[in-house]
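Given next are the chains, with one letter for each unit.
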Amino acid sequence: MSPADTGASAVVDAAPAVPTVSLSPSPSPSSVVDPADSRMAPGGPGYRRMSLALFLAGVATFALLYSTQALLPLISGEFHVAASEASWTVAAATGGLAVFVLPMSALSERFGRRTVMTASLVVAVAVGLLVPFAPSLGALVVLRALQGAALAGLPASAQAYLAEEVRPKALVTAIGLFVAGNSVGGMSGRVITGWVAQEWGWRVAVGVVGLIAVGCAVAFRLLLPAPRHFTPGSLRPRVLAGTVRDHLSNPLLRRLYAIGALFMTVFGGVYTVIGYRLTEAPFSLPQGIIGSIFLVYLVGTVSASTAGRLVGRLGRRGALYLAGGTTAAGLLLSLPDSVAPVLLGLVLITAGFFAGHAVASSAVSRTAAHGRAQASALYQSAYYIGSSVGSTVGALAFHARGWSGTVGVGLLAIMGVVTLTILGSRAARTAGRGEPAAV
């Protein structure tokens, strides 16, 4: 019986498992080269171009998706609405992505990963250039929902592209670089919008993000190598439904989907509310300084890109425990009304979140034996549902109980991550299949 059947945490992979752990130094996962494998590997042809292209796609995705998050206090002020209402400009975008990611992944199975990713970026950028002209909060929310739906073709297709075109031993690192692009996009979008909005308002700020995304989209299309291992699939609803049913019947995949959603609940809640907290007393920070707070995303860039080495040392479950513990420590540290502990708390929250996300999402890509785009799409759907829930519930908790309410929501989500990881450990012991050290 396979680990997928038993719910064990061992990963289905094309590479053979290592039966024993040697005391001598072992090669890094990405350095193991099979000359018969024509897929890309670090140092090989096309790998750098592919990495840069998907890094830029990740930048554009997060910059567009969260372009209004750092600007919520200004949007609240212009439209005279509370934080919970303004937060819908974030929740609508992530919700649109969550709803459409599975249908878009099916299109990528039929028409190709690169084609769907390119079309998604083009449409999302076009909508992004309309966002600054929204005449009302309702119109802004609708445009943001359309933007999220357009972006839905990118995350799952990117992970499926990597699973098909990159050697298995380099997959965690490659996906980590894509997630690192997400962190850079999220950081740059928020920092830029913060300073631009301070001088010229939130409408000019989101317009600037749209122009940056145009450049990323053009570079992405020029750099990304044509797929060599893609095989077109079927668009028949029965086939798609069967694939989705197979993935949802896999206990390991279900746990990974839930873990991604819970991590994103924390992250969505914290970064939706933090701007409101820092504009109020005793902080009373200007918009430009608040935008610069998002430079802590650079920590996420590092933690995501090194997730492969973390998994190599601790195993997947160990890496998830560390990511969850780091995130929880950051939440608790951010409670005092002082800038220094708040900043350090955000650093830990960001590092833990991006590490956990990179570990869980790469495990999905490696576990799925077929229908990888659908497997990744289900993860992305759960992930962005978590973002929408976190943005909305986090804002409601902040309105009711202040920052401590938002922290409470985050801690409950991290308890869920730890519980699910413990269940995975028990399933592995029951099946008698320990997790290899190199996984």
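Rules of the game
Residues numbered from 1 in each chain as written. Predicted model: local features only at pLDDT ≥ 70, side-chain atom pairs only at ≥ 80, totals over all residues. Heavy atoms only, no water. Helix = DSSP H or I, 4+ residues; strand = E, 2+ residues; numbered from the N terminus. Buried < 20%, exposed > 50% of the residue type's maximum accessible area, 1.4 Å probe, protein only. Contact = heavy atoms within 4.5 Å. Areas by Shrake-Rupley, 256 points an atom, 1.4 Å probe, with all protein chains shown as cover. Patch = residues over 30% accessible without salt bridge, like charges linked within 9 Å, V, L, I, M, F, W, Y side chains within 5 Å. Salt bridge = Lys/Arg side-chain N within 4 Å of Asp/Glu carboxyl O. pLDDT = per-residue confidence, 0-100. Phe/Tyr/Trp six-rings, centres within 6.5 Å; stacked < 30°, edge-to-face > 60°. Lys NZ or Arg CZ within 6 Å of the ring centre and 35° of its normal. Expected span 1.5 Å × (residues − 1).

**Some remarks on the overall build of the protein chain**
In terms of helices and strands, the protein chain carries 18 helices and 0 strands. Expressed as a percentage of the 439 residues in the protein chain, the buried residues total 58%. Summarising the internal contacts of the protein chain: among those between residues at least 6 apart in sequence, 84% fall at separations of at least 24. In the form shown here, the protein chain has an accessible surface area of approximately 16,800 Å², with 68% of it arising from carbon and sulfur atoms.

**Describing a nonpolar patch on the surface**
A contiguous nonpolar surface patch, about 450 Å² in accessible area, is contributed by Leu129, Leu211, Val214, Val218 and Leu222. For the nonpolar patch, the element with the highest residue contribution is helix H10 (residues 202-223), accounting for 4 residues. Along the chain, Val214 falls in helix H10.

**A word on the confidence of the model for the protein chain**
Confidence in the prediction for the protein chain averages 82 pLDDT; 89% of positions are at 70 or higher. Per-element averaging of pLDDT across the protein chain places helix H1 (residues 3-6) at the bottom with 34 and helix H7 (residues 137-151) at the top with 95. Within the model, the stretch residues 434-439 combines pLDDT values under 50 with 13 contacts to residues more than four positions away or in other chains.

**Points about the packing of aromatic side chains**
In this structure the tally under the stated criterion is 9 aromatic pairs. An angle of 10 degrees between the planes, with centres 4.0 Å apart, marks the rings of Phe267 and Phe353 as stacked. Here Phe267 is found in helix H12 (residues 251-279), whereas its partner Phe353 is found in helix H16 (residues 339-367), with 86 residues between them in sequence. With relative accessibility at 3%, the residue Phe267 sits in the buried group. For the ring pair Tyr383 and Tyr384, a centre distance of 4.7 Å and an interplane angle of 85 degrees mean the geometry is edge-to-face. Given a relative accessible area of 1%, Tyr384 falls into the buried group. Taken together, the ring pairs connect Phe267, Tyr271, Phe353, Phe354, Tyr379, Tyr383 and Tyr384 into an aromatic cluster. The side chain of Arg110 reaches across the aromatic face of Phe111, ending 5.7 Å from its centre.

**Points about the environment of Thr279**
Take Thr279: it is sitting in helix H12. A relative accessible area of 31% places Thr279 in the partly exposed class. Counting along the chain gives 11 residues from Thr279 to Ile290, while the straight-line C-alpha distance between them is 7.9 Å. Apart from the residues lying within four places of it in its own chain, the contact partners of Thr279 are Pro73, Ser284, Leu285 and Ile290.

**Some details on the side chain of Thr367**
Relative to the helices and strands, Thr367 is located in helix H16. For Thr367, a relative accessible area of 4% translates into the label buried.

**Structural notes on helix H9 (residues 171-200)**
Residues lying three or four places apart along an α-helix face the same way, a consequence of the helix completing one turn every 3.6 residues. When the terminal C-alpha atoms of H9 are compared, their 42 Å separation across 30 residues agrees well with the 44 Å that a helix rising 1.5 Å per residue should span. Counting buried positions over the 30 residues of H9 gives 23, a clear majority of the element.

**Observations regarding the environment of Gly138**
In this structure, Gly138 sits in helix H7. Each C-alpha atom, one on Gly138 and one on Ala86, is 10.0 Å from the other, the two residues being 52 residues apart in sequence.

**Let's talk about the pattern of salt bridges**
Enumeration according to the criterion identifies 3 salt bridges in this entry. Notably, a salt bridge pairs Glu78 with Arg203, separated by 2.7 Å at the nearest N-O pair. In this pair, Glu78 sits in helix H3 (residues 72-79) while Arg203 sits in helix H10, placing the two residues 125 residues apart along the sequence.

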